[in-house]
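Here are the chains, one letter per residue:
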Amino acid sequence: MMNNLLLAGASALVLANQALAQPASRPPVAEAPSPNDQPTVPPTSAPSFGSDGSGLDTLVPADNEATAPAPALAPTGNPVLDRLNALETRVRQLEARNAQLEQQAELNQDRLQTVETRSAKQSQWGWAPSTSDTAGNFTFKPRGVIDADFAHFDERRGGYDYNDGTGFRRARLGFEGTAFKWFNYRLEVDFAGNVVTLTDAYVQYSKIPKLLLTVGQHKAPFGLESNNSDNYNLFLERGMFTNAFGNAGAERRIGVSAAWAPRETINVAGGVFGDNESVGRSTATSVTNTPDESWGFNGRATWEPLFDSGRIIHLGVASYYRRSLKSGDTADAVRLTERPNIRIDNGNIADSGVITGVRDLTYAGAEAAAVFGPFTAFGEAGRLWAKRPTLGDAHFTGAYAALSYLLTGETRPFKSGNFDRVRPAHELGKDGLGAFEVAARYDWLDLAGTPVGARAGNRARSLTLGLNWYLNPYLKLMTNVIHFWGDNTPLDPVGNVTKGDVLATRLHLDF
């Protein structure tokens, strides 16, 4: 009995004050981490990523490499104390093992999230699939544009019969992407009109901060509507002067250009360009001295003094200079033509005739736009000078002004000096009917100063009312009602005024 009492008393003393029960010569017990504390991982134990950056090649620490458990206490000779110390040591070992397992679980979760994220980046689907490597240095994406048009004409005055009908304004297919991280590329061809033409074929270098270098066939800097993507324009066709003057010295051409953006609101672009790849060489066997390829310089600068969410003011200027001009097989010549804001019929309401003896062309233009919530106003004006040293110079002018209002409340965005994509707040088939927009434009092209007598006094004007239905950001239905008229147009053999109306629609899809 006495032995049992002594043993119980010794156990109580140990539980009440363990420090008094242990011999003074015993080494101190290492403090174990609390179960609520997060294990501290030294930098060297963080997962090291392999060459692909995935982190999947990282080795999980072995059991003996985990957080070191508390060392066993030295025997005291007292079986009760030794038993209690052994249990305490085991508890601390289990706590250390639990901390290691929690660390491994967190690491495995991070790996799983990395794999899921990279898988999502490597293959994404929209209207067309896109893919990239794990590091994002190489990307590939198909691209295309389909514009299916219908037009009905009502001619009220003039000697030309415009034809109703349908047609593909654009049927483009190509691809674009990134290579070696710093190079962008694009290749695109157009199959509209049963003719295959090359539109874009270029490579860009983007590593230099705030500077983009482009080599190949691409849009030469010119003006707001011209340099704006055809996918984002408000009307079926751009302004008449934009097309007529742009065809003479801008649009897509083979060349080298640089675009500099020191700030988000400032963009400056310029380059030297030859002809478009679709411009054919002479096939006339009787012509012994056919003209060479034309060449020139193009530049454009834009600035947004106000650039805020839903509040934008945009200003810009553009210019080009072009030499070695030709019209067909006629050297030192130029011809300016344009149709009345529709492409279903090829009848030109504006035509300068072939102007000969032209040494060079010089263009200067200005642009402005304002966006306030759903309201947008924009316009351009430009003048083209034809230098003819021995025959007398000529000049031509053009302008347009446009307004639009998004009835469903969206605002038209701006990016890099151009309009950007309208994204409906409520898309058709998802949570609404899409976005609706009404628009109006007055368009004017003056070729009255042409030295070609048969076309002297030629002017063209049009008034367009538009309704755009954006089903989603990439699909829209456009409707234009166009009233056009012109003086001494090539459509009327007696040189009187030509007038007409057209109802035109377009189903647009880009991807």
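If you're wondering where the values come from, they're calculated on a predicted model, not measured in any experiment.

**Student:** I'd like a rundown of empty space enclosed by the protein, residues and numbers included.
**Tutor:** Overall, the coordinates contain 4 cavities of 30 Å³ or more when judged by the stated rule. Taken as a whole, the largest cavity holds about 90 Å³ of empty space. If you trace the largest cavity, you find 14 residues lining it, with Asn 231, Val 422, Tyr 470, Pro 473 and Lys 476 closest to the centre. At the level of elements, strand S22 (459-472), strand S23 (475-487) and strand S24 (498-510) are the ones that each hand at least two residues to the lining of the largest cavity. Considering only residue class, the lining of the largest cavity consists of 6 nonpolar, 3 polar and 5 charged. Lining the second largest cavity, in full, are Asp 147, Arg 170, Asp 230, Asn 233, Phe 235, Leu 236, Glu 237, Arg 238, Met 478, Arg 506 and His 508.

**Student:** So, a nonpolar patch on the surface: which residues are in play, and what are the values?
**Tutor:** Residues Trp 303, Ile 313, Leu 315, Phe 372, Phe 375, Leu 403, Tyr 405, Leu 407, Val 438 and Leu 467 make up a contiguous nonpolar surface patch of roughly 870 Å² in combined accessible area. Breaking the nonpolar patch down by element, the ones donating at least two residues are strand S11 (311-323) and strand S18 (394-406). For Leu 407, the location among the structural elements is in the loop between S18 and strand S19 (414-415).

**Student:** Report on the pairing of strand S21 (residues 435-446), specifying residues and quantitative values.
**Tutor:** Pairing analysis gives 10 bridges linking S18 to S21, with the strands arranged antiparallel. Bridging from a neighbouring strand, Ala 401 pairs with Tyr 442 of S21. Strand direction decides the pairing type here: S21 and S22, joined by 12 bridges, are antiparallel. The partner of Arg 441 across the bridge, within S22, is Thr 464.

**Student:** Residue-level account of the packing of aromatic side chains, with values.
**Tutor:** Given two aromatic rings, their pairing is described by the distance between the two centres and the angle made by the two planes. Under the defined criterion, the tally for this structure stands at 18 aromatic pairs. On the numbers, 5.7 Å between centres and 90° between planes, the contact of Trp 295 with Phe 297 is edge-to-face. Given the relative accessible area of 45%, Phe 297 is considered partly exposed. The interplanar angle of 20° and the centroid separation of 5.4 Å between the aromatic rings of Tyr 320 and Tyr 363 together place this pair among those described as stacked.

The rules behind each value
- Residues numbered from 1 in each chain as written.
- Predicted model: local features only at pLDDT ≥ 70, side-chain atom pairs only at ≥ 80, totals over all residues.
- Heavy atoms only, no water.
- 1 Å grid on protein atoms, 1.4 Å probe; cavity = no way out; pocket = protein on both sides within 12 Å on 5 of 7 lines; lining within 4 Å.
- Points joined across faces, edges and corners; volume = space filled by probe spheres on them.
- Helix = DSSP H or I, 4+ residues; strand = E, 2+ residues; numbered from the N terminus.
- Nonpolar A, V, L, I, M, F, W, Y, C, P; charged D, E, K, R; others polar.
- Patch = residues over 30% accessible without salt bridge, like charges linked within 9 Å, V, L, I, M, F, W, Y side chains within 5 Å.
- Areas by Shrake-Rupley, 256 points an atom, 1.4 Å probe, with all protein chains shown as cover.
- Salt bridge = Lys/Arg side-chain N within 4 Å of Asp/Glu carboxyl O.
- Pairing = 2+ DSSP bridges.
- Phe/Tyr/Trp six-rings, centres within 6.5 Å; stacked < 30°, edge-to-face > 60°.
- Buried < 20%, exposed > 50% of the residue type's maximum accessible area, 1.4 Å probe, protein only.

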